[in-house]
Amino acid sequence: MAFIVFEGLDGSGKTSLMRELTKQLDGLNIAWVETREPGGTRLGDEIRELLLRQGSEIPHPRTELLLYEASRAQHVETFIRPNLGQKKWVLCDRYSASSLAFQGGGRAISTEEVIWLNRFATQGLQADLTILLDLSVEISMKRQKNRQIQTSQPANHIKSKNIAFHEKVRQSFLDQARQEPNRWLVLSAEKSPQELSLELHHELRLRRWLFKRFYSRPSGGL
Ligand code: TYD
């Protein structure tokens, strides 16, 4: 099993690439579960609702960080670890890197504090691979606008932040990827879904993770 996280700016196509990976895993008879943050548990979904609902009080950056971390602690203990324990692949839409990027980079909480809280919430459980779908802020915003028109859903308070905020978020993701190249795969989210799916497949094959069964985790953390 492996713990794979998908990160990127809003509108970077994380959900589509996750779907593609689930198809590849199905083809190899590999058991998987997909999940997301904030959320992934009942309590986590309630926290998500608190964080992202429209029209309510905007949380202070520290309050916001603690809520994301609370959701994460519950998620790790009651969903992610048990599923890895059952030898399933866990595919997660966002994880601790998002807190470093959005609350650290974007909302300027110190990196050390976010790292400490991430470690506390996860008790050291790291993703085996974090896939960053890198996208320019300009395209991310265009895609979000189109999505809002299609779904008639207004942006949450994070999505409605300005260009400078999203630039910092993007840079934080890229910095994190540069610091741990073995744990990150950076893909250009401007490529077509087919190209992205092929690149991911190639990378997982290179890492020798895509076999009929993957019995032991590629790296520590559990
Ligand atoms: P969502 O609608 O799921 O956005 P996306 O589809 O892009 O993932 O909302 C999740 C939002 O929460 C997103 O704007 C990023 C933000 N977020 C943080 O700010 N910190 C975090 O630790 C996490 C997990 C998410």
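Residues numbered from 1 in each chain as written. Predicted model: local features only at pLDDT ≥ 70, side-chain atom pairs only at ≥ 80, totals over all residues. Heavy atoms only, no water.

In this section: helix 2 (residues 42–52). Within helix 2, burial applies to G44, I47, L51 and L52. On an axial view of helix 2, the arc spanned by its buried residues comes to 115°, and they lie on one face. Facing away from the buried surface of helix 2 by more than 90 degrees, the exposed residues are R42 and E46. On the buried face of helix 2, the contacting elements are helix 3 (61–85). (Buried < 20%, exposed > 50% of the residue type's maximum accessible area, 1.4 Å probe, protein only. Helix = DSSP H or I, 4+ residues; strand = E, 2+ residues; numbered from the N terminus. Arc of directions from axis to C-beta. Contact = heavy atoms within 4.5 Å.)

Glancing now at the nonpolar core. In this structure, F3, I4, F6, I80, W89 and I131 are the most contacted members of the largest nonpolar core, which totals 36 residues. Excluding anything up to four places from it in sequence, I4 contacts L21, W89, V90, L91, C92, L129, I131 and W209. Core analysis: the second largest hydrophobic core is formed by 12 residues, L9, A101, V169 and L174 among them. (Core = buried A, V, L, I, M, F, W, Y, C linked by side-chain atoms within 4.5 Å.)

On to the environment of L206. Within the fold, L206 resides in helix 8 (residues 193–206). Among the residues examined, L206 registers a relative accessible area of 59% and is labelled exposed. For the pair L206 and L185, spaced 21 residues apart in sequence, the C-alpha separation works out to 12 Å.

Let's shift gears to the site of the ligand. With respect to spatial proximity, 16 residues lie near the ligand, and among them D10, R48, R94, S99 and Q103 are the closest. Take R48: an N or O atom from its side chain is 2.8 Å from an oxygen atom of the ligand. Between the ligand and Y68, the relevant distance is 3.0 Å, taken from an oxygen atom to a side-chain nitrogen or oxygen of the residue. For the ligand, whose free accessible area comes to 540 Å², the fraction covered by protein is 92%. Taken together, the elements giving at least two residues each to the shell around the ligand come down to helix 2, helix 3 and helix 4 (96–106). Among the residues forming the shell around the ligand, the class breakdown is five nonpolar, three polar and eight charged. (Near = heavy atom within 4 Å. Polar contact = N/O pair within 3.5 Å; in protein donor to acceptor, adjacent residues only side chain to side chain. Areas by Shrake-Rupley, 256 points an atom, 1.4 Å probe, with all protein chains shown as cover. Nonpolar A, V, L, I, M, F, W, Y, C, P; charged D, E, K, R; others polar.)

The next subject is the packing of aromatic side chains. A complete count under the given rule lists five aromatic pairs for this structure. Pairing W116 with F120 gives two aromatic rings, centres 5.5 Å apart and planes at 5°, and the pair type is stacked. On the criterion of helical spacing, the pair formed by W116 and F120 is a turn pair, its members being four residues apart in helix 5 (residues 111–122). Of the two residues, W116 and F120, neither departs from the other in class, the shared state being exposed. In this structure, R72 packs its charged tip against the face of Y95, placed 5.8 Å from the ring centre. Here the guanidinium or amino end of R207 rests over the ring plane of W209, the centre of that ring lying 5.4 Å away. (Phe/Tyr/Trp six-rings, centres within 6.5 Å; stacked < 30°, edge-to-face > 60°. Lys NZ or Arg CZ within 6 Å of the ring centre and 35° of its normal.)

A few words now on the environment of L51. When you line up the elements, L51 lands in helix 2. Considered as a pair, L51 and L185 are 134 residues apart in the sequence and their alpha carbons are 28 Å apart. Residues in contact with L51, not counting those within four places in the same chain, are P38, E64, L67, Y68 and H157.

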